[in-house]
Amino acid sequence: PGEAQPINQLDAAVAKPMPTGISELDRVLDGGLVPGSVTLVGGEPGIGKSTLLLQLLSSWPTKSLYVTAEESAQQVRLRAERLGALNENVWLLPEMNLHNIFKAIASVQPNLIVIDSIQTIADPELSSPPGSVVQVRGCAHRLVQEAKRSNIPVVLVGHVTKEGGLAGPRVLEHVVDTVLSFEGERHNALRLMRAAKHRFGPTNELGLFEMTEAGLVGVPDASQLFLTDRRTGVPGSVVVPTIEGQRPLLVELQALTNQVSASVPARRSAQGLDQGRLSMLLAVLERRARISLSQHEVYASVVGGVKLNDPGSDLGLCLALVSAATNTPAPGDLVVCGEVGLGGEIRHVGHMSRRLAEAARLGFTRAIVPASGDYSQKGLTLQPASTLSEALAIAQLNSR
């Protein structure tokens, strides 16, 4: 039975994270893996989950156990050779039986365990087939108990459904300590990692990786990467400074409009943006700025595969839409930041000083900002706007 103790007398050093050797992963985990913790990594097939975990195991300083239930040991070794991740401290176990996995843990005595994947592990005491709700729930509970008992960090790989959610029962996400989402487009080299749940730190950090021939490589200067192929003087393109966790990022928003006949329903498509947010901003443009796109197909996207949930990108999206509709390019040295309200007002957003500092670092010279804040940034000419119409006038985007 557990023993009640005063909270101020507990030793917090027990939950001190251990660095993984991968800087972007440590950023998301707030320092590394905590002893006795269970981390669930989810992502689409082929996104690079197994590659990332193999690199994690090769950089781990002590003995580790890699349970590969989906691939043979020879397949994993071949991948390790390609990645330059061969390490004598990494022990491979091709096994699906949970009892045999526990026997191997007792024999090898690792300091890190990776299970790839939880949906393919089966407990012979349970009659259901591997991947069923009963098996996933039961095996997850047993592995969590083993992690807490032995004080060894455990990393589980989880499958995802076609909607992008983790497959299996919801209890799987409840019993683990950390849920990591590994995202990206298969035809794009950029990979993004976020923590949907983390009991040992914040959940708003973003890790960025680039898939190369040598495996996943951390991206220290993400803004530079996102703007590498940007072309200035193109209608529908606006740069927005956003915040992901503690990291400021400059991303390019692109919009394209195409007029259709009144008998054809106008299509709206958003990639990397919330579809409902796009519809709301189109309504605000029509009602407050007298710019109607009801007879236009509207396509909006975030370049680089990033998913934006920051309300500070509202104003940039509005300017990109008007720029595309009027075929008028926005100034190439301009960044735009601000939340747009239903009344057409431009609202203040957080961490503005860090957003503007990142824009100045990359050579931008002008910024449209909300008029309600008191901002200053060396190297940037700040142009405050209180309404959407004022922002369009400053950017010299004239409506039809």
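Further up the page is the structure itself.
None of these values were measured; they are calculated from a predicted model.

Draft legend 1. Spatial organisation of the environment of Ala 167. Relative to the elements of secondary structure, Ala 167 occurs in the loop between β5 (154-158) and α6 (171-175). For the pair Ala 167 and Leu 392, spaced 225 residues apart in sequence, the C-alpha separation works out to 45 Å. Apart from residues lying up to four places away in sequence, Ala 167 is in contact with Gln 119, His 159, Val 160, Thr 161 and Leu 172.

Draft legend 2. Here's a closer look at the nonpolar core. One finds Leu 208, Leu 315, Leu 319, Leu 321 and Ile 368 to be the most contacted residues of the largest nonpolar core, which totals 48 residues. At nine residues, the largest contribution of residues to this core is made by helix α9 (residues 314-326).

Draft legend 3. Geometry of the side chain of Gln 135. Relative to the elements of secondary structure, Gln 135 occurs in helix α5 (residues 133-150). The buried category is assigned to Gln 135, whose relative accessible area is 1%. Of the polar contacts made by the side chain of Gln 135, one reaches the backbone nitrogen of Asp 123; its length is 2.8 Å. For Gln 135, the contacting residues outside a window of four places in its chain are Ile 121, Ala 122, Asp 123, Leu 126, Ser 128, Pro 129 and Pro 130.

Draft legend 4. Local environment of the layout of surface pockets. Counted as a void, the largest pocket has a volume near 960 Å³. Contributing elements (two or more residues each) for the lining of the largest pocket: β1 (38-43), β6 (178-183), β7 (190-198), β10 (237-244) and β13 (296-302). If one sorts the elements of the lining of the largest pocket by residue count, β6 sits on top with five residues. Its residues assigned to classes, the lining of the largest pocket comprises 14 nonpolar, 16 polar and twelve charged. Size it by volume and the second largest pocket reaches roughly 440 Å³. Contributing to the lining of the second largest pocket are 22 residues, with Gly 46, Gly 48, Lys 49, Ser 50 and Arg 79 lying nearest its centre. Residue assignment for the lining of the second largest pocket shows that the elements contributing at least two residues are α2 (49-59), α3 (73-83) and β8 (206-212). Taken together, the residues of the lining of the second largest pocket break down into six nonpolar, nine polar and seven charged.

Reading the values: rules and limits
- Residues numbered from 1 in each chain as written.
- Predicted model: local features only at pLDDT ≥ 70, side-chain atom pairs only at ≥ 80, totals over all residues.
- Heavy atoms only, no water.
- Helix = DSSP H or I, 4+ residues; strand = E, 2+ residues; numbered from the N terminus.
- Contact = heavy atoms within 4.5 Å.
- Core = buried A, V, L, I, M, F, W, Y, C linked by side-chain atoms within 4.5 Å.
- Buried < 20%, exposed > 50% of the residue type's maximum accessible area, 1.4 Å probe, protein only.
- Polar contact = N/O pair within 3.5 Å; in protein donor to acceptor, adjacent residues only side chain to side chain.
- 1 Å grid on protein atoms, 1.4 Å probe; cavity = no way out; pocket = protein on both sides within 12 Å on 5 of 7 lines; lining within 4 Å.
- Points joined across faces, edges and corners; volume = space filled by probe spheres on them.
- Nonpolar A, V, L, I, M, F, W, Y, C, P; charged D, E, K, R; others polar.

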